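Next come the chains, spelled out residue by residue.
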Protein chains: 2
Amino acid sequence: MNQDARSLNLVTAQCAVFDDPFPLQGGAVLPGFQLMYETYGTLNANRSNAVLICHALSGNHHVAGRYAEDDKYPGWWDTMVGPGKPIDTNRFFVVGLNNLGGCHGSTGPVSINPATGKPWGAVFPVVVVNDWVQSQAKLADRLGIDKWAAVIGGSLGGMQALRWTVTFPHRVRHCINIASAPKLTAQNIAFNDVARNAILTDPEFYGGDYYQHGVVPRRGLRLARMLGHITYLSNEGMGGKFGRQLKSDGYQFSYETEFEIESYLRYQGDRFADVFDANTYLLMTKALDYFDPARHFGGSLSAALAATDAKFLVISFTTDWRFSPERSRETVKALLDAKKSVSYAEIESVHGHDAFLMTDEPYMQLMHAYLNRVADEVHA
Amino acid sequence: MNQDARSLNLVTAQCAVFDDPFPLQGGAVLPGFQLMYETYGTLNANRSNAVLICHALSGNHHVAGRYAEDDKYPGWWDTMVGPGKPIDTNRFFVVGLNNLGGCHGSTGPVSINPATGKPWGAVFPVVVVNDWVQSQAKLADRLGIDKWAAVIGGSLGGMQALRWTVTFPHRVRHCINIASAPKLTAQNIAFNDVARNAILTDPEFYGGDYYQHGVVPRRGLRLARMLGHITYLSNEGMGGKFGRQLKSDGYQFSYETEFEIESYLRYQGDRFADVFDANTYLLMTKALDYFDPARHFGGSLSAALAATDAKFLVISFTTDWRFSPERSRETVKALLDAKKSVSYAEIESVHGHDAFLMTDEPYMQLMHAYLNRVADEVHA
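Residues numbered from 1 in each chain as written. Chains lettered and ligands numbered in written order. Predicted model: local features only at pLDDT ≥ 70, side-chain atom pairs only at ≥ 80, totals over all residues. Heavy atoms only, no water.

A. Seen up close, the overall build of chain A. Scanning chain A from N- to C-terminus turns up 10 helices and 14 strands. Its C-alpha atoms give chain A a radius of gyration of 21 Å, near enough to 21 Å, the size a compact globule of 380 residues would have. Each principal axis of the C-alpha atoms in chain A carries an extent, and together these give about 65 × 50 × 50 Å. Split into buried and exposed, the 380 residues of chain A put 61% on the buried side. Partitioning the intrachain contacts of chain A with sequence separation of at least 6 by distance along the chain shows that 71% fall at a separation of at least 24. Surface accessibility of chain A: about 14,100 Å² in total, with carbon and sulfur atoms responsible for 50%. When the 34 positive and 39 negative side-chain charges of chain A are each reduced to one mean point, those points stand 5 Å apart. (Helix = DSSP H or I, 4+ residues; strand = E, 2+ residues; numbered from the N terminus. Rg over C-alpha atoms; globule rule 2.2 N^0.38 Å. Buried < 20%, exposed > 50% of the residue type's maximum accessible area, 1.4 Å probe, protein only. Contact = heavy atoms within 4.5 Å. Areas by Shrake-Rupley, 256 points an atom, 1.4 Å probe, with all protein chains shown as cover. Lys, Arg positive; Asp, Glu negative; His and termini not counted. Charge placed at Lys NZ, Arg CZ, Asp CG, Glu CD.)

B. Broad picture of the pattern of salt bridges. Taken as a whole and assessed by the stated rule, the structure comprises 36 salt bridges over all chains. The salt bridge partner of Arg329 of chain A is Glu346 of chain A, with a shortest N-O separation of 2.7 Å. Of the two residues, Arg329 of chain A sits in helix α9 (residues 325-337) while Glu346 of chain A sits in strand β14 (residues 342-347), which places them 17 residues apart along the sequence. A single network of salt bridges, built from pairs that share partners, joins Asp193, Arg196 and Asp289 of chain A together with Glu262 and Arg266 of chain B. (Salt bridge = Lys/Arg side-chain N within 4 Å of Asp/Glu carboxyl O.)

C. Representation of the packing of aromatic side chains within the structure. All told, the structure shown has 38 aromatic pairs over all chains when counted by the stated rule. Aromatic pair Phe205 of chain A and Tyr210 of chain A: ring centres 5.8 Å apart, planes at 40°, arrangement tilted. The exposure classification of Phe205 of chain A matches that of Tyr210 of chain A, with both residues buried. Ring geometry for Phe191 of chain B against Trp321 of chain B: centres 5.9 Å apart, planes inclined by 75°, an arrangement best described as edge-to-face. Residue Phe191 of chain B is found in helix α3 (residues 186-200), and its partner Trp321 of chain B is found in the loop between β13 (311-317) and α9 (325-337); the two are separated by 130 residues along the sequence. Classification of Trp321 of chain B by relative accessible area gives partly exposed; the value is 21%. The rings of Phe191 and Trp321 of chain A together with Phe191 and Trp321 of chain B are connected pair by pair, giving a single aromatic cluster. Here the basic side chain of Arg171 of chain A rests over the ring of Phe168 of chain A, its NZ or CZ set 5.6 Å away from the ring centre. (Phe/Tyr/Trp six-rings, centres within 6.5 Å; stacked < 30°, edge-to-face > 60°. Lys NZ or Arg CZ within 6 Å of the ring centre and 35° of its normal.)

D. Summary view of the interface of chain B and chain A. Across the contact, 56 residues belong to chain B and 56 residues belong to chain A. Sorting the residues of chain B by area buried against chain A places Arg244, Phe253 and Tyr255 of chain B first, and these three jointly supply 17% of that buried surface. Along the contact surface separating chain B from chain A lie eight salt bridges. We note a salt bridge from Asp292 of chain B to Arg244 of chain A, for which the minimum N-O separation is 3.7 Å. Counting the contacts that link chain B with chain A gives 24 residue pairs in polar contact (both at pLDDT 80 or more). Taken together, the elements giving at least two residues each to the side of chain B that touches chain A come down to α3, α4 (218-232), α5 (235-241), α6 (260-275) and α7 (278-290) of chain B. (Buried area = accessible area lost by both parts, 1.4 Å probe. Polar contact = N/O pair within 3.5 Å; in protein donor to acceptor, adjacent residues only side chain to side chain.)

E. Looking closely at the pairing of strand β12 (residues 174-178) of chain B. All names here are of chain B. Of all five residues making up β12, five are buried, and the element is well covered by its neighbours. Residues of β12 alternate between two faces, with His174, Ile176 and Ile178 on one and Cys175 and Asn177 on the opposite face, all of them buried. As paired elements, strand β11 (residues 150-154) and β12 share four bridges and run parallel to each other. Paired with Val151 across the bridge in β12 is Cys175. (Pairing = 2+ DSSP bridges.)

F. Structural context of the relation of the copies chain B and chain A. You can overlay chain B on chain A at an RMSD of 0.0 Å; the transform is a turn of 180° with a shift of 0.0 Å along its axis. What the superposition gives is, in effect, a two-fold axis relating one chain to the other. Looking at chain B, 100% of its interface residues are interface residues in chain A too, so the copies touch through the same face. (Least-squares fit on C-alpha atoms with pLDDT ≥ 70 in both.)

G. A look at the packing of helix α3 (residues 186-200) of chain A against helix α4 (residues 218-232) of chain A. Residue and element names in this part refer to chain A. Where α3 meets α4, the closest approach of the two axes is 7 Å, and the angle between their N-to-C directions is 160°. Looking at the two axes, α3 sits roughly antiparallel to α4. With respect to the hand of their crossing, α3 and α4 are arranged in right-handed fashion. For the pair α3 and α4, the contacting residues are Phe191, Val194, Ala195, Ala198 and Ile199 in the first and Gly220, Leu221, Leu223, Ala224, Leu227 and Thr231 in the second. Its residues assigned to classes, the contact of α3 with α4 shows nine nonpolar, two polar and no charged. (Axes fitted to C-alpha atoms, helices over the stretch in contact; angles between N-to-C directions. Parallel < 35°, antiparallel > 145°, perpendicular 65-115°, else oblique. Left-handed = near helix turned anticlockwise from the far one by under 90°. Nonpolar A, V, L, I, M, F, W, Y, C, P; charged D, E, K, R; others polar.)

H. Here's a closer look at helix α10 (residues 361-379) of chain B. Residue and element names in this part refer to chain B. Relative to the 27 Å expected for 19 residues at 1.5 Å per residue, α10 spans 26 Å between its end C-alpha atoms, a close match to the ideal helical length. All of the buried residues in α10 are Tyr363, Met364, Met367, Tyr370, Leu371, Val374, Ala375 and Val378. Buried residues along α10 cover an arc of 145° about the axis, so they all sit on one side. As for α10, its buried residues are in contact with β7 (87-88), β11, β12, β13 and β14 (342-347). (Expected span 1.5 Å × (residues − 1). Arc of directions from axis to C-beta.)

I. Summary view of the sheet that holds strand β4 (residues 33-40) of chain B. Residue and element names in this part refer to chain B. In space, the eight strands of this open sheet follow the order β1-β4-β8-β5-β11-β12-β13-β14, with mixed pairing throughout. With partners counted over all chains shown, the strands left at the sheet margins are β1 (14-18) and β14, one partner each. The mean inter-strand angle of the sheet, taken between neighbouring strand axes irrespective of direction, is 20°. As judged from the four bridges shared by strand β5 (residues 50-54) and strand β8 (residues 93-97), these two strands associate in the parallel manner. Among the inter-strand pairings, Ile53 is bridged to a residue of β8, identified as Gly96. Most of the contacts of helix α2 (residues 156-167) go to β11, to which it runs at about 150°, and overall it touches β5, β11, β12 and β13.

J. Up close: the sheet that holds strand β5 (residues 50-54) of chain A. All names here are of chain A. An order of β1-β4-β8-β5-β11-β12-β13-β14 is seen for the eight strands of this open sheet, with the pairing classed as mixed. Two strands in the sheet have a free side with no partner beyond their single neighbour: β1 (14-18) and β14. The sheet shows a mean angle of 20° between the axes of neighbouring strands, taken without regard to direction. Two elements, β5 and strand β11 (residues 150-154), share four bridges in a ladder whose sense is parallel. Note on β11: the bridge partner recorded for Leu52 is Val151.

K. Molecular detail of the environment of Gly144 of chain A. Residue and element names in this part refer to chain A. Take Gly144: it is sitting in the loop between α1 (129-143) and β11. Its relative accessible area of 30% is what places Gly144 among the partly exposed residues. Sequence separation between Gly144 and Arg163 is 19 residues; the distance between their C-alpha atoms is 21 Å.

L. The arrangement of the side chain of Asn188 of chain A in detail. Residues and elements named next belong to chain A. Relative to the helices and strands, Asn188 is located in helix α3. Within the structure, Asn188 has its side chain in polar contact with the backbone nitrogen of Thr185 (distance 2.9 Å). Sequence-distant contacts of Asn188, defined by excluding residues within four places in its chain, comprise Arg322, Phe323 and Arg327.

M. Main features of the confidence of the model for chain A. Of all residues in chain A, 99% have pLDDT values of 70 or greater, and the mean over the chain is 96. Interface scoring of the predicted complex returns ipTM 0.95; its pTM is 0.96. (pLDDT = per-residue confidence, 0-100.)

N. Fine view of the state of the cysteines. Residues and elements named next belong to chain A. Under the counting rule described, the total for this entry stands at zero disulfides over all chains. Cys103 supplies the cysteine sulfur nearest to Cys15, a cysteine that is in no disulfide, at a spacing of 15 Å. Here Cys15 falls in the partly exposed class, since its relative accessible area comes to 38%. Its sulfur unpaired, Cys175 is 8.8 Å from the next cysteine sulfur, which belongs to Cys54. On the basis of relative accessible area, Cys175 is assigned to the buried category, the value being 0%. (Disulfide = S-S within 2.5 Å.)

This is the structure in structure tokens:
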């Protein structure tokens, strides 16, 4: 099968509007909200083949395919989602959405606050992973999906997948939790805090109301992304790709971009600062920090997971140091303690945390095989 | 022996002025310079018991003791240096200095440029580790020290100690290289680059000439230090000390300081930004990035070290991920390949990179035993 035959036809984003007040875990109540989403494939007659893709920090609803033939890039997980791909759109009805608080069309800090007629900005409430799960459940209801064949996500997306099984124990058949963790460590929070401080102390942040000033806290957002990128890549991978390579011959004895790795990071930072919203970045990192499903179960993750019907696939990558294999094994142990069905794979990869977006062959094969079995189950 | 008996009497900083033009590796020539330094103990008759302490990124010449009885803190390595301590001032004549480019009195960006009558600021040239070694050799000449009993340093200080043995192969009897590396990795450079960018893009940096504007790039310096701190501590140590502890009961759903680790990092950042110079920070990180003594020896560190007479002690710490034990083993391997005398210890510690400043018992005992032997040698 050639690459073209495995790509989706042109895709279209849709918008689901929810008019009812939506209470958030932090105590605030949104007067309603909208979610941008995309679907690929066809929902079967008994509505059993739906798969939810949860995105990570900077993702959105555009998971796969292109909007137009000449789009430079397809959706962010096009390698994984499409006809004949591991998440096979010939067999599954796949749903991707932009999370509440996002900056790609779902209600978030850049949206207009109906109470003021201005962007929400700093006033947009902090949301937690469970708020996302609750809002995703409303989307599932709207689409007529009572139970997902699978909820799938990497990193922060994996946290949503895990949380689904706690909040809605009977609405998830399979949970695929990739390169994730049951809660952040102090070091994880520390990195997030430096990123947040870069944004919060940018003079053009204006307490979150930069929209009113016609500027964006670009410097802060750029630094946050540069720092993030270091934690997404492995020491080994970065060494292999960039090492100590210089952009020109010899040391320049200045503070200009000099090593290739500097050039890469600054480019990534600039590109991100062009397209992403700083308030959304703050909100996403805070959702990461707060995630801790064991918290209301006396610190016991297995107690939190006790009621779920889901089967689990947990995947980690050897060189991921943001959420190391050890963190995934915590999840696996809690599931085993709770006597749940769980498969675990630790994939050899040089790609660090980013490996969940890459196409290391054992990873792709595992996803393909597992999801084939899920498809057989739901179509049986 | 009680703690008081092991402390130095009051110490005094001194200043050595060098009037001759001083050419730097980057091509610039300083019209002369001064170095702040301190000495503890007594130089013996044959001038064989002198020990040089090289400081790391944020260190200075105030290595041990107090300037006044009521000083809140002693010098930065007072646990290691003093009467009866591992670097025993009853037996050694210990020299500490503030490196060229520093911000504690040695000639650096905050000094007055004689050509303009204004602070050097952005015009102060980038220096490399070998420039420091050359300037330290001038100080040794001034003090009448032909050969150091030992040159000792941790982290960036260890790089200076190593470089001494390459540049002046016959002037170092023992090199003690602690928590260091023979060159930075791409990941090391990446962290430095984010820190530099935080400073360079601070609107109050003014291209390095902030002194003229009566401000300092405080936000950038603060972020740089917060980030640095994450890399100085181990994941384990940070987890043990802070974990997910909150400053108050329950989540606050805001972007204020909330987790204890955030409070710690912000405090460290604020304190540092109060006292350190941003241009010096840039300069120090660049010296780290550039360090690579093998570079002019076809990439062979053992070739770089071939000519030295020194004996080596290399020390690493198990949880140091900034310069992991693996990096120290590279140095050890090169020394063994060059048929040099080298001892190596990998010390179990939870303190990460900062362990070189801590007092883990096996580390202190090792330093004490090794330096006792050195003292016996030079006093024989």
